[in-house]
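An overview of the molecular structure
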Amino acid sequence: MAEMTMIQAITDALRTELKNDDNVLVFGEDVGQNGGVFRATEGLQDEFGEERVFDTPLAESGIIGMSVGLSTQGYRPVPEIQFFGFVFEAMDAVVGQSARMRYRSGGRWHAPITIRSPFGGGVHTPELHADSLEGFMTQAPGLRVVIPSGPYDAKGLLISSIRNNDPVIFLEHMKLYRSFREEVPEDEYTIDLDKANVVRKGTDMTLVAYGAMVHSSIKAAEELEEEGISCEVIDLRTVSPIDIDTILESVKKTNRAVVVQEAQRQAGVAAGIVAEIQERAILHLEAPVFRVTAPDTVYPFSQAEEVWLPDHQDIKEKVKESMNF
Amino acid sequence: MVFKSPVEGIEEKFEMIQILNEDGKIVNEDAMPDLSDDDLVELMRRMVYTRVLDQRSIALNRQGRLGFYAPTAGQEASQLGSQFALEQDDFILPGYRDVPQLIWQGLPLYQAFLFSRGHYHGNQMPEDVQALSPQIIIGAQITQAAGVALGMKRRGKKNVAITYTGDGGASQGDFYEGVNFAGAYQAPAIFIVQNNRFAISVPVEKQSAAKTIAQKSVAMGIPGFLVDGMDVLAVYKVVQEARERAVNGDGPTLIETLTYRYGPHTMAGDDPTRYRTEDMDSEWEKKDPIVRFRKFLEDKGLWSEEKENEVMEKAKEEIKTAIKKADKQEKQSVTELISIMHEELPVNLKEQMEEYKEKESK
């Protein structure tokens, strides 16, 4: 076991799969010699050569379109979108093309593409770097959307994503890249896609979160514990599809839920979860299912970031609102 | 002005390549492709057959028996001359009008009809046909072609990826990205732009300040050619040379074929009289690819009216059989749709599968 940051765990996962399968190709803007702007691909070109790990021209639609083409030749592309805000440049290639490849061809072709990309707020980036755009992706049939909350999960989930024979959007929260270390096995291991993880047990309240908000939720839960409120925290790990069974099992026990997302309130992952809970478990509920989200503005310039982003205080308040309902 | 653009007049360098003129005479003997008499006859057979298929498809559409259809008449030389230069393991990424290339590469006719009728089996290429189904989003196939070609290069295959779009497609960002990627990786790709003068209704002159689309190859650093798209011999020859360069490791080629679609953009209500004149139609009909190739073959004693009628009758008969077969195809179900979305069904679709199994068993 080694202590790794999330970025190191991601590099380790890429190395593992580059070693395991000759068909795995890692590419994108600056991922070659430079090792990626966050060093996610550090050293991989030296280790595996330019045939396997390579730079592309600066064009997101080209990168994902090329990935679709490479899939037909038996490759397993792992392209990087340098920041997920840039995915708008490639929306057709992702949603209109990759996601539909298996269906459109009646199964003749498929697209085992894992699109890795940094996202998430709190690191003072320029515009369109930090936005939480997973909601757009979760509305696209044919895609899986995976968001790890830490180093251990990142490695296991990334390996599973790369091995999956359909396209996966793998979103890496920038704030988690180097904020803490975790024990990560050096050997290969996988974590099931489509399955949530109960990261904290509790009896009074179910907190559902993903990415960086898992940590805010845990912090809120720890502080609430001292006030006598016991929160169960569920880390979704995969936000499309939603592992609704794990959520329901918890809600049927706690009878209350707050769904937390860093993204804006309208539509999105949390809205979908709230709908599913009320449809499937309304008689178990003691209070409405609340959401903690960012407001419905564009992602702010960095000076307003701190207030704009939901935090553990917001979560605590919403939990209390639910408890007092 | 002190500075003069170094590429001023560049379009003059892109002279239209022609081998067979409108009168069916060879005007460029040196460029004559190395095709046997049988090959020449086969090319003619395919063009005549495809013209009949187009006429029948339009009729079927009007009877409400076909569905989506994009007419092909006028573009036979561009479509079939280029396809004739391919090997069986070359990879085609067609636009929505490029169904004939798929058919001659081996897509059974009844499946082409199923594509029109909105059944996924129409998109299911047979094992020996390396192709994607016709792309609907203009230009999306161009970046994919760069990827297919790069993959072939990495695998050491001696094959090419060939992709088709129209003059409208050459305005898309994906056109520039795809062609540029292939150039950057020296990937074995052939980009064919069938310039039929109109992006639905917008004339090519209003789409770009560039006088030709071929000259855009200069910016991408790859060879580019402007070809008479009504001359099947010229199209064949230029594509065949592009293919040779590609498999020899010399990278991609951009080819603009000057052509014309006689019919509407699609059969879904487009009215070409709103943007084309009868004069323009008749001017292009004089350039017809079949008319000039017929003259050429008749002069060589390789073709006759009798032979042409034979081909047309055979085509009609095969079309009839194929339509009957397409009629027998069971309607596509939602449960089938669900089952081919993913390799491993996600939990939401597992649930919805049960729902639709019940719904569709009623």
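Residues numbered from 1 in each chain as written. Chains lettered and ligands numbered in written order. Predicted model: local features only at pLDDT ≥ 70, side-chain atom pairs only at ≥ 80, totals over all residues. Heavy atoms only, no water.

For the rest of this paragraph, the subject is the overall build of chain A. Looking only at helices and strands, chain A has 12 helices and 14 strands in total. Taken over C-alpha atoms, the radius of gyration comes to 19 Å for chain A, in line with the 20 Å a tight globule of 325 residues would show. Projected onto the principal axes, the alpha-carbon positions of chain A cover approximately 60 × 40 × 40 Å. Counting across all 325 residues of chain A, residues that qualify as buried make up 64%. A sequence separation of at least 24 residues applies to 82% of the contacts in chain A between residues at least 6 apart. Accessible surface computed for chain A: about 12000 Å², of which carbon and sulfur atoms make up 47%. (Helix = DSSP H or I, 4+ residues; strand = E, 2+ residues; numbered from the N terminus. Rg over C-alpha atoms; globule rule 2.2 N^0.38 Å. Buried < 20%, exposed > 50% of the residue type's maximum accessible area, 1.4 Å probe, protein only. Contact = heavy atoms within 4.5 Å. Areas by Shrake-Rupley, 256 points an atom, 1.4 Å probe, with all protein chains shown as cover.)

Take unusual backbone geometry next. Backbone phi values are negative for most residues with the exception of glycine, while trans is the configuration of most peptide bonds. All names here are of chain A. Note that the residue after serine 240, namely proline 241, is joined by a cis bond; omega there is 0 degrees. Within the secondary structure, proline 241 sits in the loop between β12 (238–240) and α9 (244–254). Positive phi, close to 70 degrees, is recorded for aspartate 30, a residue that is not glycine. Along the polypeptide, aspartate 30 turns up in the loop between β2 (24–28) and α2 (44–48). On the basis of relative accessibility, which here comes to 34%, the residue aspartate 30 falls in the partly exposed class. Positive phi, normally seen in glycine, also occurs at histidine 124, with a value near 55 degrees. Relative to the helices and strands, histidine 124 resides in the loop between β5 (114–119) and α6 (134–138). Looking at histidine 124, the relative accessible area reads 52%, which means it is exposed.

Side-chain direction in a regular strand flips from residue to residue, so the side chains alternate between the two faces of the sheet. Residues and elements named next belong to chain B. Most of strand β2 (residues 161–166) is tucked away: 5 of the 6 residues are buried. Sheet topology places strand β1 (residues 91–93) next to β2; 3 bridges connect them, and they run parallel. Of the residues in β2, the one forming a bridge with isoleucine 92 is isoleucine 162. Examined bridge by bridge, β2 and strand β3 (residues 189–195) share 6 bridges and lie parallel to one another. (Pairing = 2+ DSSP bridges.)

If you look at the interface, chain B gives 43 residues, while chain A gives 42 residues. For the pair chain B and chain A, the summed buried area comes to about 3500 Å², and 52% of that belongs to carbon and sulfur atoms. Of all residues in chain B, B:Arg154, B:Arg155 and B:Phe181 give up the largest surface area on contact with chain A, accounting jointly for 19% of the area buried on that side. Of the charged contacts, one joins B:Glu127 and A:Arg108 as a salt bridge, the two residues approaching to 3.8 Å between their closest N and O atoms. Applying the counting rule to chain B against chain A returns 25 residue pairs in polar contact (both at pLDDT 80 or more). Of all elements in the fold, only α5 (140–155), α6 (173–184) and α13 (347–361) of chain B reach the threshold of two or more residues within the side of chain B that touches chain A. Residues belonging to the side of chain B that touches chain A are distributed by class as follows: 21 nonpolar, 13 polar and 9 charged. (Buried area = accessible area lost by both parts, 1.4 Å probe. Salt bridge = Lys/Arg side-chain N within 4 Å of Asp/Glu carboxyl O. Polar contact = N/O pair within 3.5 Å; in protein donor to acceptor, adjacent residues only side chain to side chain. Nonpolar A, V, L, I, M, F, W, Y, C, P; charged D, E, K, R; others polar.)

What follows is about the pattern of salt bridges. All names here are of chain B. Throughout the structure, instances matching the rule amount to 39 salt bridges over all chains. In this structure, lysine 237 engages glutamate 241 in a salt bridge whose closest nitrogen and oxygen atoms are separated by 3.6 Å. Of this pair, lysine 237 and glutamate 241 are both found in helix α8 (residues 232–247), 4 residues apart, which corresponds to roughly one turn of the helix. Residue lysine 237 is classed as buried on the basis of its relative accessible area, which comes to 19%.

The next point concerns helix α7 (residues 151–163) of chain A. All names here are of chain A. Look at α7: 19 Å from first C-alpha to last across 13 residues, which is about the 18 Å you get at 1.5 Å a residue. α7 sits mainly inside the fold: 11 of its 13 residues count as buried. Inspection of α7 places Pro151, Asp153, Ala154, Lys155, Gly156, Leu157, Leu158, Ile159, Ser160, Ser161 and Ile162 among the buried residues, and these make up the whole buried set. (Expected span 1.5 Å × (residues − 1).)

With that out of the way, let us pick up the sheet that holds strand β14 (residues 290–294) of chain A. Residue and element names in this part refer to chain A. Strands sit in the order β9-β11-β10-β13-β14 across an open sheet of 5 strands; the sheet is mixed. Of all strands in the sheet, those with a lone pairing partner are β9 (197–200) and β14, marking the two edges. If you compare each strand with its neighbour and ignore which way they point, the axes differ by 25 degrees on average. Here 3 bridges tie β9 to strand β11 (residues 231–235), and the two strands are oriented antiparallel to one another. Note that in β11 the partner of valine 198 across the bridge is isoleucine 234. Contacting β9, β10 (205–209), β11 and β13 (257–264), helix α8 (residues 213–226) runs over the sheet at an angle of about 170 degrees to β11. Here helix α12 (residues 312–323) sits on the sheet and contacts β10, β11, β13 and β14; the angle it forms with β14, its principal contact strand, is near 160 degrees. (Axes fitted to C-alpha atoms, helices over the stretch in contact; angles between N-to-C directions.)

Further remarks concern the packing of helix α2 (residues 76–84) of chain B against α8(B). All names here are of chain B. Where α2 meets α8, the axes come as close as 8 Å, and the angle between the chain directions of the two elements is 40 degrees. Overall, the two elements α2 and α8 adopt an arrangement that is oblique. You can see that α2 and α8 cross each other, and the crossing is right-handed. Listed contacts from α8 to Ala77, Ser78, Gly81, Ser82 and Phe84 of α2 are Val232, Val235, Tyr236 and Val239. Classifying every residue of the contact of α2 with α8 gives 6 nonpolar, 3 polar and no charged. (Parallel < 35°, antiparallel > 145°, perpendicular 65-115°, else oblique. Left-handed = near helix turned anticlockwise from the far one by under 90°.)

On to the UniProt feature "domain: Transketolase-like pyrimidine-binding" (unreviewed entry) in chain A, then. Cross-referencing UniProt, the feature "domain: Transketolase-like pyrimidine-binding" (unreviewed entry) maps to residues 4–179 of chain A in the present numbering. Along residues 4–179 of chain A, the helical share is 35% and the strand share 16%, with 11 Å between the first and last C-alpha atoms. (UniProt positions renumbered as here; feature names shortened; annotations may be inferred.)

Let us now look at the pairing of β11(A). Residues and elements named next belong to chain A. In terms of burial, β11 is a largely internal element, 5 of the 5 residues being buried. The alternating pattern of β11 places Cys231, Val233 and Asp235 and Glu232 and Ile234 on opposite faces, both of which are buried. Across 5 bridges, β10 lies against β11 in parallel orientation. Counterpart to alanine 209 in the pairing with β11 is aspartate 235. The β-α-β motif built from β10, the intervening α8 and the parallel element β11 has right-handed crossover chirality. (Right-handed = clockwise from strand over helix to strand, strands pointing away.)

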